[in-house]
Each structure stands twice: as C-alpha cells, then as structure tokens.
Amino acid sequence: MAHSALFFPLYLDLTWCMYATLRRHAQAIGSSVITGSSAGRASLKPSPYGQPLHPSHPHLVRPNDLNAGIPYEEYENRRLALMESLPESSLVVLTAAPTTYMSGEIFYKFRQDSDFWYLTGCEEPESAVVLEKDSSRRGYSMTLFVNEKDPLEEKWSGPRTGVRAAGEIFRADNAHPIKEFPSILGSKASSYSHIFTDLPAQKDTDGFKKLLKKLSNPLTRRSYDHEATMSLISSSRRRPLRPKIAPLRAIKSEVELRVMRAAADISGRAHAKTMRFTRPGMNESAIAAHFEYICALDGAQRPAYVPVVASGANALMIHYTYNNMIIDNGDLLLIDAGCEYNGYASDITRTYPANGTFTSAQRDLYSAVLSAQKALVAMCHEGEAGTMLSLHSASCRLLRSELAQIGLNVSTETLSKELYPHSLSHPIGIDLHESFTINRNTKLQEGMVITIEPGIYVPPSPQFPKHFHNMGIRIEDEVVIGKTGPTVLSVAAPKEIADVEGACQGLLGLEPY
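Just so you know, these numbers come straight off a predicted model, no measurement behind them. (Residues numbered from 1 in each chain as written. Predicted model: local features only at pLDDT ≥ 70, side-chain atom pairs only at ≥ 80, totals over all residues. Heavy atoms only, no water.)

(A) Here's a closer look at the overall build of the protein. Within the protein, the regular secondary structure consists of 15 helices and 21 strands. The 513 residues of the protein split such that 52% are buried. For the protein, contacts bridging at least 24 residues in sequence account for 70% of all contacts bridging at least 6. (Helix = DSSP H or I, 4+ residues; strand = E, 2+ residues; numbered from the N terminus. Buried < 20%, exposed > 50% of the residue type's maximum accessible area, 1.4 Å probe, protein only. Contact = heavy atoms within 4.5 Å.)

(B) Looking closely at the side chain of aspartate 336. Note on placement: aspartate 336 falls in strand β13 (residues 332–337). Reaching out from aspartate 336, the side chain makes a polar contact with the side chain of tyrosine 305 at a distance of 2.6 Å. In terms of polar contacts, aspartate 336 uses its side chain to reach the side chain of threonine 349, at 3.2 Å. Setting aside chain neighbours within four positions, we find aspartate 336 in contact with Tyr305, Pro307, Val308, Asp347, Ile348, Thr349, Arg474 and Glu476. (Polar contact = N/O pair within 3.5 Å; in protein donor to acceptor, adjacent residues only side chain to side chain.)

(C) Here's a closer look at the pattern of salt bridges. Scanning all chains against the criterion turns up 31 salt bridges. In this structure, the salt-bridge partner of lysine 495 is aspartate 477, at a minimum N-O distance of 2.7 Å. With lysine 495 in the loop between β21 (487–488) and α15 (497–505) and aspartate 477 in strand β20 (residues 477–480), the pair connects residues that are 18 residues apart, well separated along the chain. The residues lysine 495 and aspartate 477 share a single accessibility class, namely buried. (Salt bridge = Lys/Arg side-chain N within 4 Å of Asp/Glu carboxyl O.)

(D) A look at the sheet that holds strand β3 (residues 90–95). Taken together, the 6 strands give an open sheet; going across it, the order is β8-β7-β6-β3-β9-β10, and neighbouring strands pair in mixed fashion. Whereas interior strands pair on both sides, the edge strands pair on one side only; in this sheet they are β8 (174–177) and β10 (238–240). Taken over all neighbouring pairs, the strand axes of this sheet differ in orientation by 25° on average, direction set aside. (Pairing = 2+ DSSP bridges. Axes fitted to C-alpha atoms, helices over the stretch in contact; angles between N-to-C directions.)

(E) Just the side chain of histidine 422, in detail. Here histidine 422 lies in the loop between α14 (412–419) and β17 (449–452). Under the relative-accessibility criterion, histidine 422 is labelled buried at 14%. Looking at histidine 422, its side chain comes within polar contact range of the side chain of tyrosine 457, at 2.7 Å. Not counting the four nearest positions on each side in its chain, histidine 422 is found in contact with Ile318, His392, Glu453, Pro454, Gly455, Tyr457 and Arg474.

(F) Layout of the nonpolar core. In this structure, Leu365, Leu403, Leu415, Leu419, Leu444, Ile452 and Ile456 are the most contacted members of the largest nonpolar core, which totals 63 residues. Examining the composition of this core, we find that 9 residues originate from one element, helix α12 (residues 360–378), more than from any other. What leucine 415 contacts, discounting residues up to four positions off in sequence, is Cys396, Leu399, Arg400, Leu403, Val410, Tyr420, Pro421 and Ile456. Ranked by size, the runner-up nonpolar core spans 47 residues in total, among them Leu66, Phe170, Val255 and Leu489. (Core = buried A, V, L, I, M, F, W, Y, C linked by side-chain atoms within 4.5 Å.)

(G) Structural detail: the packing of helix α13 (residues 388–404) against α14. In the contact formed by α13 and α14, the axes pass within 10 Å of each other and the chain directions differ by 95°. The pairing of α13 with α14 is recorded here as roughly perpendicular in orientation. Contact residues: Cys396, Leu399, Arg400 and Leu403 in α13; Thr412, Leu415, Ser416 and Leu419 in α14. Broken down by class, the residue content of the contact of α13 with α14 amounts to 5 nonpolar, 2 polar and 1 charged. (Parallel < 35°, antiparallel > 145°, perpendicular 65-115°, else oblique. Nonpolar A, V, L, I, M, F, W, Y, C, P; charged D, E, K, R; others polar.)

(H) A look at the packing of aromatic side chains. By the definition in use, this model includes 7 aromatic pairs. In this structure an aromatic cluster arises from ring pairing among Tyr75, Trp117 and Tyr344. Taking NZ or CZ as reference, arginine 78 lies 5.0 Å from the ring centre of tyrosine 75, over its face. Against the face of phenylalanine 436 rests arginine 242, its NZ or CZ located 3.9 Å from the ring centre. (Phe/Tyr/Trp six-rings, centres within 6.5 Å; stacked < 30°, edge-to-face > 60°. Lys NZ or Arg CZ within 6 Å of the ring centre and 35° of its normal.)

(I) Molecular detail of empty space enclosed by the protein. Taken as a whole, this structure holds 1 cavity of 30 Å³ or more when the rule is applied. Put simply, the largest cavity is a space of about 30 Å³. Forming the walls of the largest cavity are Leu66, Tyr72, Tyr75, Glu76, Arg79, Ile169, Phe170 and Arg171. The element best represented in the lining of the largest cavity is helix α2 (residues 72–85), accounting for 4 residues. A breakdown of the residues in the lining of the largest cavity according to their chemical character gives 5 nonpolar, no polar and 3 charged. (1 Å grid on protein atoms, 1.4 Å probe; cavity = no way out; pocket = protein on both sides within 12 Å on 5 of 7 lines; lining within 4 Å. Points joined across faces, edges and corners; volume = space filled by probe spheres on them.)

(J) Up close: the environment of valine 61. Mapped onto the fold, valine 61 is located in the loop between α1 (2–35) and β1 (65–67). Separated by 10 residues in sequence, valine 61 and proline 71 have C-alpha atoms that sit 9.4 Å apart. Residues contacting valine 61, with those up to four places away along its chain left out, are Pro52, Leu53, His54, Leu66, Asn67 and Ala68.

(K) Representation of helix α9 (residues 242–250) in the model. Of the positions making up α9, those classed as buried are Ile245, Ala246, Arg249 and Ala250. Across the axial projection of α9, the buried residues extend over an arc of 135°, all falling on one side. Along its buried surface, α9 packs onto α2, β3, α3 (114–120) and β17. (Arc of directions from axis to C-beta.)

(L) View of unusual backbone geometry. Between lysine 45 and proline 46 the backbone carries a cis peptide bond, its omega angle lying at -10°. Along the chain, the position of proline 46 falls in the loop between α1 and β1. Positioned with a positive phi, arginine 171 is a non-glycine residue whose angle comes to about 60°. Examined against the element boundaries, arginine 171 turns out to sit in the loop between α5 (163–169) and β8. At asparagine 342, a position not held by glycine, the phi torsion is positive, near 50°.

(M) Representation of the sheet that holds strand β12 (residues 308–311) in the model. Here we have 3 strands laid out as an open sheet, ordered β12-β13-β16, and antiparallel in their pairing. The open sheet has two edge strands, β12 and β16 (348–353), and neither has a second partner. Here the average twist between neighbouring strands, direction ignored, is 10°. Bridge count between β12 and β13: 4 bridges; the pairing is antiparallel. By the bridge assignment, serine 311 is partnered in β13 with leucine 333. Sitting on the sheet, helix α10 (residues 254–277) is in contact with β13 and β16, with an inclination near 15° to β16.

(N) Region of the structure containing α13. The terminal C-alpha atoms of α13, which comprises 17 residues, lie 24 Å apart, in line with the 24 Å expected from a rise of 1.5 Å per residue. For α13, the set of buried residues is Met388, Leu391, His392, Ala394, Ser395, Cys396, Leu399, Glu402 and Leu403. Against the buried residues of α13 lie α12, α14, β17 and β18 (455–458). For α13, the capping residue at the N-terminal end is threonine 387, with a side-chain oxygen 3.3 Å from the backbone nitrogen of leucine 389. (Expected span 1.5 Å × (residues − 1).)

This is the structure we're talking about:
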C-alpha cells in the first residue's frame, strides 16, 4: 500500500511533464513549418514521439515534412480529394494495422496499414481516424484516436506521441484516446447515411469483432465494450472504402514520384553492388543478405518483399525464395529484389552471369528478353500504352519475334504455358502489388507507375534447343507512364550486357560495399 500511495502522484507528475514537453515540441513543429527553420536543432534522445518527426529526427525529416520526403500538405490534399469524391452525409473510418507476431510474444517489425498511412501519415499502431464530410472551409473534419502517454508502457515498448500532441502534429480537429473509439464512433455514425470502411460486409458483429481485434493488443488483453460497438453500423449503410481510395493512389503525385525514385535508386545501387559481390561457390542466401544489407546501409526501412535469388535452374521457378543453394560456375543468377523506403516499395529484377561473363547462349537469350523489354518500356506513355492487358499482349508478340531470331520458334500457347507464364506488369506504390488500384483493362494514364518485367524460362524439354535448357531470365523495371514518353525509375540497376558484365567485373568503378 505504501508503494501505491507514493507511485500514483509520481505517475501523474511524469505524465504531465511528458505532455508539457510534447506540447512545446508540437508547437515547434508548427513554427518550423511556417518559418522553414531547422538551423542548429539537435535530435532528441529519447524521442518523445511514436514515429520520426523533424524535432527528434532532423537528419531524416525536413522542417515542412510530416514523414521523410512527404510534406504536411500532401496528406491534406489526399484527404480533401477523398472527401470531395464521396456523397453528402458520408463518414470514413480507418484503423491502423495490428501488430503481428512471429511466435508467442515475439512480434514482427510494425508496418502501418497502407490506406491509413496514405491519409494520415501516422505510423503508430492501435490508432484510428474518422473523417466526416461537412460544409466547413476545410470540407471535412478529422478525429484521430491514438494511445495515451504511459511512462510504464513506453519504458518497455518505446515512445508514444500521445493524444494532445498527436492532434496537433497530424492536424486533426479532435483527438481522443483509442479506448474511446467505440463510443465516439457510435455517436457519430448514427448521423450519416454512408459509412465508408473496409470492414467485411458480412454480419455486423463479425465486422466489428475484427475491427476491435485490430485495436486490441493481444499481450495486454485490453477489453473494450464489444457488445455495444457491434451494433453501431448496419451493413445497409456500410460502403467499401478501398474503391474510393484506389483511384487516388493510382496516380502518383510529384512528391510520391520523388520518393519512389529514391527507393528505386537504393535498390538499383544494391543490384549493381551485388553483381560485383557475387562469386561462384557462394550460397544464394549470402547474395540475398548482401542485397538487403546494402539497402539498409542506404537508409531503406525494410525489404519490400522476400527476395528471389535463383541460380541456374532454380530461376525456372518464378517465385523461388528458398535462396539456399550453392551458385555454380557458369550459372545465371536471377535476383528479384527491392527495398521499401519512406513508405514506398521498389521492385527490380536483374539476371547476370555468376562468373561475370555471359556464354554465347546466355547472351543470345538475354539479348532477346532485353530487346523486348526495352521496346515495351518505350510504349509506356498515354499515346501508345493502352492498358496493362494490351501491353502484355504486345510482350507476347515481341518475345515470340525475338526468340524466333535465335532459333526458338514457339506458338503463342507454348510461350504462355511453358516459357512465359506470368503477366508483364503490375502497379506499384505504397504496396508492392497495387493491383486493386488499376484494373488490367483500365486505360493507363500519366502518373501511373507499373513494372515492365518480361521473362523467359526454358525447361529441359526436347522441344527447345538444348543450349538454352535451364535458363531463366527476367528483366524488370519500374516505369512511370508519361504523356508522351516513359520515365524509368530503376535506371540505377545495370541491364545492358556491357554494363552488367562491367558491374560484375568491377569495370564500372563499383565495389561490393
């Protein structure tokens, strides 16, 4: 009892001191946005925020940015565009991603829900946002829900921004503790005819159980008022949110394209340095580790996906991710790998000789794929691109023509079933595969970003020339659809034969690290 009596006022003092400090820094953020000043500002250790911000991470986040490379206004513009696309009497509900666990209490590195991050810039788990369309000058009101400051929790799990500071930093009209989310949502939802959210449109109870599960940390077993919340929103008023956000995310802003170019540059340099690093006799896993290490050194937050490092015949498997075999002399090595940087994915594939020099057969097949790939990239503009489906059809025609020139005469059916079984492209952005943003029959527009990745995978079958057996070659770039011409984001990764061999042999001035 004596400990409890002493601890409680101490806890309140700590909480108040932390809030006072946060409020000063939140005001400083607002001031720096107005003045653009960052001179002489040192980083704060430990950070009082739940994510990197300019006062705590001036080496990562500029004065006018909410997230690294992305200014406050970008998020405001995104929210406004969404709300303007919705009918009157609309309310939007979005929740943060749940913390995921590898086993027991061992958690994975947290990654925010893509749509939630796209609209708020908030990177903290156990958060939610409600946007209400109204007649205000802003056009909507924003209510943010986050975890409260808690010195004991933060001692174990790291800093939280807290309710009041989060409201100011993320420019919400109102901010509340996440524990109040069910009751406040209930009071707001009753006033709206259209409630846009991505909860499953099954039974109300099923949807809200999933929502509340997302908001509950399984380690602390928080218990909200489940029964009261489950009846808040009827399925008749619920509308899918993702189809409304998808067209916004499909067209990248100049801000997004700059970040995506930076992500592609990091991955492209990693591809080039990994070519130099590779030697026959290495394990594929060492190549994967080197690539990820170089990306991390260059500032990437995580791999965008599990890399494919496929030597020799392993490259016949499109998504070979075991990455655990020895690279033989004479093997081609196919690496499909990219990093995630400041919220955006990169996706690049290169194929190169493990010993640094293509054989004549490898050179012929590689040249065929490269020639088709370059022709397809050149088509990526509004005047010629058409749709992803029409680009894929063009890739089949081009590949058949190129293969015929090196003695590989195949029908369209054989090409599709045996040699080229995957699609040419997919949209990319915050998510690696943003297929939900662009239908394959949608007319491609300026500002869209897609991959162009033709490939040929020759099985050891008598119907194909023996000197091509067990070769798998894919060349993949990220391409911005332009008005009159394409922009290749992944130019830092060598793909011309002279450049690939030069990177492998150290002739381009590149070293492994």
